[in-house]
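Chain residues, written in single-letter form:
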Amino acid sequence: MKLVIAVIKPFKLEEVHEALIRLGITGMTVTEVKGYGRQKGHTEIYRGAEYVVNFLPKMRIEVAVPAERADKVVETISTAARTGQIGDGKIFITTLDHAVRIRTGETDTDAL
């Protein structure tokens, strides 16, 4: 099993969500996060004062999938989240050792 973690622009969340549903992904966790990468924040003007925004709003999506589906999930997220502009985000894939569905006690891929 793999855990796919994607950090994307907030306005792309619905598009990514719909693409994953079309792929047959039945569950995901979404968290509002802040961070920066190469874009290193930006400057804004509020009530005439200029200030630096170091941490930009992003969405973190976590999807647990069987290992054989991980590449397709990554491809789907990449395609749906891409704007071609700096700050499109990152995708991380990590091995998931064990999963348990609390309600039924199902484990591993049955729990996904």
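Residues numbered from 1 in each chain as written. Predicted model: local features only at pLDDT ≥ 70, side-chain atom pairs only at ≥ 80, totals over all residues. Heavy atoms only, no water.

> Before we move on, can you summarise the overall build of the protein with the specific residues and values?
Regarding its fold elements, the protein presents two helices and six strands. Starting at the N terminus and walking to the C terminus, you meet the elements of the protein as β-α-β-β-β-β-α-β. What you see for the protein is a C-alpha radius of gyration of 17 Å, clearly larger than the 13 Å of a compact globule of 112 residues, by over 25%. Along the three orthogonal principal directions, the C-alpha set of the protein runs to about 55 × 25 × 20 Å. Expressed as a percentage of the 112 residues in the protein, the buried residues total 29%. Across the protein, the fraction of contacts at a sequence separation of at least 24, relative to all contacts at a separation of at least 6, is 72%. About 7,600 Å² of surface is accessible on the protein, with carbon and sulfur atoms providing 51% of the total. Across the protein, the mean location of the 16 positive side-chain charges is 6 Å away from that of the 15 negative side-chain charges. (Helix = DSSP H or I, 4+ residues; strand = E, 2+ residues; numbered from the N terminus. Rg over C-alpha atoms; globule rule 2.2 N^0.38 Å. Buried < 20%, exposed > 50% of the residue type's maximum accessible area, 1.4 Å probe, protein only. Contact = heavy atoms within 4.5 Å. Areas by Shrake-Rupley, 256 points an atom, 1.4 Å probe, with all protein chains shown as cover. Lys, Arg positive; Asp, Glu negative; His and termini not counted. Charge placed at Lys NZ, Arg CZ, Asp CG, Glu CD.)

> Describe the pattern of salt bridges, listing the residues and the values that go with them.
What the rule picks out here adds up to five salt bridges. R60 is the salt-bridge partner of E62, the closest N and O atoms lying 3.3 Å from each other. Of the residues examined, E62 reaches a relative accessible area of 22% and is grouped as partly exposed. Residues E106 and R101 are paired through a salt bridge, measuring 2.7 Å at the closest nitrogen-oxygen approach. Residue classification places E106 among the partly exposed positions, given a relative accessible area of 33%. With a relative accessible area of 28%, R101 lands in the partly exposed category. (Salt bridge = Lys/Arg side-chain N within 4 Å of Asp/Glu carboxyl O.)

> Pulling in residues and values, what's your account of the sheet that holds strand β6 (residues 89-95)?
Pairing is antiparallel in the open sheet, where four strands are placed in the order β2-β5-β1-β6. If you trace the sheet from one side to the other, it starts and ends with β2 (29-35) and β6, each paired once. Along the sheet, successive strands turn relative to each other by an average axial angle of 20°, direction set aside. For β2 and strand β5 (residues 56-65), the ladder comprises seven bridges, and the chain directions are antiparallel. Note that in β5 the partner of E32 across the bridge is M59. On the sheet, helix α2 (residues 70-81) packs against β1 (2-8), β5 and β6 and is oriented at approximately 10° with respect to β1. (Pairing = 2+ DSSP bridges. Axes fitted to C-alpha atoms, helices over the stretch in contact; angles between N-to-C directions.)

> Go over the environment of K58, please, and point to the residues and values.
You can see K58 is positioned in strand β5. Residues K58 and G24, 34 residues apart in the sequence, show an inter-C-alpha distance of 24 Å.

All we've got here are geometric facts, nothing functional implied.
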